[in-house]
Structure formats: structure tokens, C-alpha cells
Amino acid sequence: MIFLDNAGTTKMFAECVTTYSHFACDEFYNPSAVSRKSAFVHAKLEEVRRVCLKKLGALKGTVIFTGGATESNNLAVKGAVRNGDFEYVFSKGEHPSIFNVARSLENEGKIVKYIGLCKDGKVDLAELEKTLNKKTKLISCMLVSNETGAINDIKKIVGLKNQLSPQALIHVDAVQGFMKIPFSVEDLGVDMLSFSAHKFHGPKGVGGLYVRSLQLIKNIVDGGGQEYGLRSGTENVPAIMAMHTALSMIDVKGNFEKVTNLKRIFNEIVSQESDIKILDFHGSPYIEILSFKGVKGETMLHALEERGVIVGLGSACSAKKAGNRILENIGYNKDEIISSCRISFNAYMTESEVKEAGNIIIETYKEMLKRLS
Ligand code: PLP
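Novice: Looking at this structure, how should I read the overall build of the protein?
Specialist: Scanning the protein from N- to C-terminus turns up 13 helices and twelve strands. Over its C-alpha atoms the protein spans a radius of gyration of 21 Å, differing by no more than 12% from the 21 Å that the globule rule assigns to 373 residues. The principal-axis extents of the C-alpha atoms in the protein amount to approximately 70 × 55 × 35 Å. For the protein, with 373 residues in total, the buried portion stands at 55%. Taking the intrachain contacts of the protein between residues at least 6 apart in sequence as the baseline, contacts between residues at least 24 apart amount to 73%. When the accessible area of the protein is evaluated, it comes to approximately 16200 Å², of which 52% is carbon and sulfur surface.

Novice: Hey, could you run me through the packing of aromatic side chains in this one?
Specialist: In this description, an aromatic ring pair is defined by two values, namely the gap between the centres and the angle between the planes. Counted under the stated rule, the structure contains ten aromatic pairs. Seen from their ring centres, phenylalanine 266 and phenylalanine 345 are 5.3 Å apart, and the 75° between their planes marks the pair as edge-to-face. One end of the pair, phenylalanine 266, is in helix α9 (residues 252-270); the other, phenylalanine 345, is in the loop between β12 (340-344) and α13 (351-372), with 79 residues separating them in the sequence. Chaining the aromatic ring pairs together yields one cluster made of Phe178, Phe183, Phe195 and Phe200. Over the ring of phenylalanine 99 we find arginine 325, and its NZ or CZ is 3.8 Å from the ring centre.

Novice: I would appreciate a short explanation of the side chain of asparagine 267 in the present structure.
Specialist: Mapped onto the secondary structure, asparagine 267 falls in helix α9. Not counting the four nearest positions on each side in its chain, asparagine 267 is found in contact with Ile278, Asp280 and Glu288.

Novice: Mind showing me how you'd approach the domain arrangement of the protein here?
Specialist: By a frequent convention, interface size equals the accessible area lost on bringing the separate parts together. When the domains of the protein are assigned, the result is domain 1 (2-9 + 251-372) and domain 2 (14-249). Just the C-alpha atoms count here: the centres of domain 1 and domain 2 sit 28 Å apart. On the domain 2 side, the residues contacting the 29 residues of domain 1 number 30 residues. Across the domain 1/domain 2 interface, buried area totals approximately 2500 Å², and carbon plus sulfur atoms make up 57% of it. Counting across the domain 1 and domain 2 interface gives zero salt bridges.

Novice: Honestly, the site of the ligand in this entry has me stumped. Any pointers?
Specialist: Around the ligand, the structure places 14 residues, and the nearest of them are Thr70, Asp173, Gln176, Ser196 and Lys199. Contact distances for the ligand include 2.6 Å between an oxygen atom and a side-chain N or O atom of serine 196. Between the ligand and histidine 198 there is a distance of 2.9 Å, counted from an oxygen atom to a side-chain nitrogen or oxygen. Expressed as a share of its isolated accessible area of 390 Å², the protein-covered part of the ligand is 89%. It is helix α3 (residues 69-80) that provides the largest number of residues to the shell around the ligand, a total of three residues. In terms of residue class, the shell around the ligand is made up of three nonpolar, nine polar and two charged.

Analysis parameters
Residues numbered from 1 in each chain as written. Predicted model: local features only at pLDDT ≥ 70, side-chain atom pairs only at ≥ 80, totals over all residues. Heavy atoms only, no water. Helix = DSSP H or I, 4+ residues; strand = E, 2+ residues; numbered from the N terminus. Rg over C-alpha atoms; globule rule 2.2 N^0.38 Å. Buried < 20%, exposed > 50% of the residue type's maximum accessible area, 1.4 Å probe, protein only. Contact = heavy atoms within 4.5 Å. Areas by Shrake-Rupley, 256 points an atom, 1.4 Å probe, with all protein chains shown as cover. Phe/Tyr/Trp six-rings, centres within 6.5 Å; stacked < 30°, edge-to-face > 60°. Lys NZ or Arg CZ within 6 Å of the ring centre and 35° of its normal. Domains from an automatic or database assignment. Buried area = accessible area lost by both parts, 1.4 Å probe. Salt bridge = Lys/Arg side-chain N within 4 Å of Asp/Glu carboxyl O. Near = heavy atom within 4 Å. Polar contact = N/O pair within 3.5 Å; in protein donor to acceptor, adjacent residues only side chain to side chain. Nonpolar A, V, L, I, M, F, W, Y, C, P; charged D, E, K, R; others polar.

Laid out in C-alpha cells, this is it:
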């Protein structure tokens, strides 16, 4: 099976399973208890926190361990909400774990503003500039789109924020960027940033929220006060330690180059069929969209799976829903959207795998066209 849905999730490194097992069955102690064994586990978590900060390029702040990016995103946004005459700004390209939080805020009567996307899949900076003001409390904008791979210019967004809404916090959902494209939180100038381990070959159900200062947000769950009081509940030590193993195994720059090359090889093959359109937003090399003229994306997905290739239909959370909010926003028509599949690579695939996948995609497309004619 050739797996081309790595934006949905990635295969966990075998080494992570070994680490997980060790911290689940041998060093299984509660990091908040007082025994020496617990102190040892606590120290291990602090070590992982430091490693996360280093990988994020953070000189200050901390990382709150969470149960994945949906939770990190909820904590960042809901934790920043305050009573009063404030405005909250989101891009229209956000993942449901932000977009639906924004909708909830709206339902609660908060003033929520949405910024559209340009043809290149990026947030419309001119619209953002018109929207930001002295009442803006929070701006949340993703780094890399999980749907298109487009990369937002977060530095420019931070620049606009500093100029027009210096009081506002800026949160970035970096799930599709962390450990995939080189960046640093200091360089971007963000206040909060979410990440998730299962997108970089770590376990599912664990991730983190970087916060520049613990004072920026309030907790959204009450409990024992773990994670500086911002995320109560016993830490998922085996998963955090397994995430650490994944962090230590990845060479971000090397992988970036490798995937750029894999995507180029793949595109050379699929572009031989002129009715397969590559919607490449020239952002992350890890993600692109293929549009199959005259054949539904879902039909292609199932036919490809039968032939040993797994592709995506867009975000796993939205894949079962009709249409695609993001592509609609960018300006694609219904036919183009309905005939599209998301292709997402990982750095551990071989050139021959992507070549084989490209050829299978072309053959399958021709077969489907014949069946439909
Ligand atoms: N944000 C983005 C951009 C994503 O792609 C995803 C997962 O698809 C999430 C958030 C949610 O992450 P998790 O599965 O860790 O909750």
C-alpha cells in the first residue's frame, strides 16, 4: 500500500512504540506524585518540554502538553477570550478545530470576523488590514493549510497586528508546519502556536501549545492544576515521551528537500495526463491537490485504494462532508472541487513508490473515464 494521505496522519516510527511501551509499563509513574520514581518521570517531561521549545526556536515561554492540536487550538482561543467589547479574527481557511470554535464564539454573542483567502490560498492581507483595530483581542491564522499546503506569511500578519492591534494576541495553528517546514516562533513573532505529534510520525492524541507567557490565557478545564494550571489531568507520559522520540529522529531541512524532490518526481508523472490538473499552491512540498476532469474525487479515492494507493479527500474531519469550504473560498467551482483529491507525502517514501503511485493514478483515471463514457 502506498500511503499519500500524510496530512491526515502519519505512520508512527517503530522507535516511538518502544519508548511508549517503556513509559507505559516500566517507568509508568505519575509525574505529579512525590516518589523518586515520579520525580524521575517529571524530570523526563521537563526535558521534552525543553526539546519542544528548542525545535520551535523559542527563547522564552513554555509548551503545554495537550491531547493533540484540536485541544491546543481550543485552549488557545477559548483561553484568550475575555468578557468585554472585544473582536476575534480568524482566517476562513482554518481547520474545524479553530473554525468551529469561532462559530461557537459567534453563537455566544462575541464579535467574530473572518478573513477570506486569495487565489494563491493565502489569507487576504488587505482584508486583514481593514479588519484589525484597537478592539481586536485575538487573531488566529494557520501556518500551512491542511487542505492546500499554502503557507501564510505569518511575519507579515504579525507586522500588521503590531501596527494596528498591538494589544491583540496572535495564535498560529502550525500542525502541518511543525517538524515539516523550517520556522521559529521568535522569527515569526507569535504568542501561541499549536502542534500535534501524529502529523510527524509520533503517536495520536498528544501535542502541545506553545505560549510566550503563561499569563496570556486562562485554563478551560478545571482540575488538579497540571501543566501550569492550564491543562489539568495527568499527563500522557508514554505518548509525550514517544513524541520526543519522533522529534529527535526528524531532520526538518533534510526531509524538506527530500519531499520537494519526491513531489517533483510525482508531478512529472501525473502531469503527463493533461486532464489531471495539479493544484499546487507552491507552499509546503508535503501537500497538493489533484483535480480529475470528469471523475469524482471520491470515485478516484475508492478506485485507487483497490489498486493499492491511499489518497485523501481533504481534512479527515471534513472529508465526509459535501464540498470543501476552503477551495470554495479560494474560488474553485463545484466541478473542480468535487473532482479533487488531496495528495500528501512523507519524507520516508521512496522515489520508486511515488513513481508507482503516479502511474497507478494515471491508469486508474483512464479506466474510470472509460467506465463513465
Ligand atoms: N489543525 C490542522 C491544520 C490539522 O491538519 C489538524 C488535523 O488534521 C488539526 C488541527 C487537528 O489535530 P489533532 O488531530 O491533533 O486534533
